[in-house]
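# Examination of the molecular architecture
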Amino acid sequence: MTPDQTRAQLVRAAAKVFSGSGSEGATISDIAAEAGMSSGAIYAHYDGKADLFFAVLTAHVHRDLSRMLRDDRPFDISDLIVEAGANLDRQPAAERTLLIEAVMAAKHDPKTQQALSRWFSDQHEFFATSIAAAQEAGTMNADGSAMAAARMMTSVMLGSLVLGVLDVSEVIHD
């Protein structure tokens, strides 16, 4: 098994364990057992549970963005915003809870807080850069701050996830 395959297997196992047990309830031993590997395999690739949790969040975001940014059409931030908004409440419940678990764990664990802060910073940078490019291209209104719009997008995403976890009425899709 290559290092990339090992990391992918660990991320899948960690996502399953984090979703079922929560960040605080999940243990390195549980994740290793789910992956069919030793704890040493985790520490060979990750600095610990917080680093692995960050890898899980990043993998889920990349998967979702890859699905929305298919190769058969040009990238358009406006399309991404609409598609992301339409699909926020369609993710499986276990996946919606991952980010909420990370926020809760960050309250008590400085490493998780740092990893989550880094993750949100990466999201802001991606959205702000994409929005700024659209503003420069004239496909989005250039009057507003790209960073403020990116912050709003992240806030809406997080709010939608909270509503989903609380099982508040879903959006009715056309």
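Residues numbered from 1 in each chain as written. Predicted model: local features only at pLDDT ≥ 70, side-chain atom pairs only at ≥ 80, totals over all residues. Heavy atoms only, no water.

For the rest of this paragraph, the subject is the pattern of salt bridges. Pairs may arise between side chains of opposite charge once their charged atoms sit close together. Under the definition given, this model contains two salt bridges. Taking the shortest distance from any N to any O, the salt bridge between Arg7 and Asp4 comes out at 2.4 Å. Pair noted here: Arg7 and Asp4 are both in helix α1 (residues 3–25), with a separation of three residues, about one helical turn. For Arg7, a relative accessible area of 29% translates into the label partly exposed. Where Lys16 meets Glu34, a salt bridge forms, and the shortest distance between an N and an O atom there is 3.3 Å. One end of the pair, Lys16, is in helix α1; the other, Glu34, is in helix α2 (residues 28–35), and 18 residues separate them in sequence. Accessibility expressed as a relative area gives 55% for Lys16, which makes it exposed. With relative accessibility at 38%, the residue Glu34 sits in the partly exposed group. (Salt bridge = Lys/Arg side-chain N within 4 Å of Asp/Glu carboxyl O. Helix = DSSP H or I, 4+ residues; strand = E, 2+ residues; numbered from the N terminus. Buried < 20%, exposed > 50% of the residue type's maximum accessible area, 1.4 Å probe, protein only.)

As a further point, take the nonpolar core. One finds Phe18, Ile31, Leu57, Leu99, Leu116 and Trp119 to be the most contacted residues of the largest nonpolar core, which totals 32 residues. Only α1, α2, α3 (39–45), α4 (49–68), α6 (93–106), α7 (110–137) and α8 (146–165) provide two or more residues apiece to this core. Counting residues per element, this core draws most heavily on α1, at seven residues. When residues no more than four places from it in sequence are discounted, the contact partners of Leu57 are Leu98, Leu99, Ala102, Leu116 and Trp119. Phe127, Ala128, Ile131 and Ala146 belong to the second largest nonpolar core, which has six residues in total. (Core = buried A, V, L, I, M, F, W, Y, C linked by side-chain atoms within 4.5 Å. Contact = heavy atoms within 4.5 Å.)

On to the side chain of Gln135. Tracing the backbone shows Gln135 in helix α7. Here the side chain of Gln135 touches Asn141 through a polar contact of 3.0 Å, landing on its backbone oxygen. A polar contact of 2.9 Å, which involves the side chain of Gln135, links it to the backbone oxygen of Gly144. Leave out the neighbours within four places in its chain, and Gln135 touches Met140, Asn141, Ala142, Gly144 and Ala146. (Polar contact = N/O pair within 3.5 Å; in protein donor to acceptor, adjacent residues only side chain to side chain.)

Glancing now at the side chain of His124. When you line up the elements, His124 lands in helix α7. Beyond its immediate sequence surroundings of up to four residues, His124 is in contact with Met147, Ala150, Arg151 and Thr154.

Further remarks concern the environment of Ile31. In this fold, Ile31 is placed in helix α2. For Ile31, a relative accessible area of 0% corresponds to the buried category. Ile31 sits eleven residues away from Ile42 along the chain, and the two C-alpha atoms are 8.5 Å apart. Leaving out residues up to four positions away in the same chain, Ile31 has contacts with Leu10, Ala13, Ala14, Val17, Phe18, Ile42 and Leu52.

Tracing the chain through its elements places Ala142 in the loop between α7 and α8. The exposure class assigned to Ala142 is exposed, which follows from its relative accessible area of 53%. Separated by eleven residues in the primary sequence, Ala142 and Ile131 have C-alpha atoms spaced 9.1 Å apart.

The values are spatial; any link to function lies outside them.
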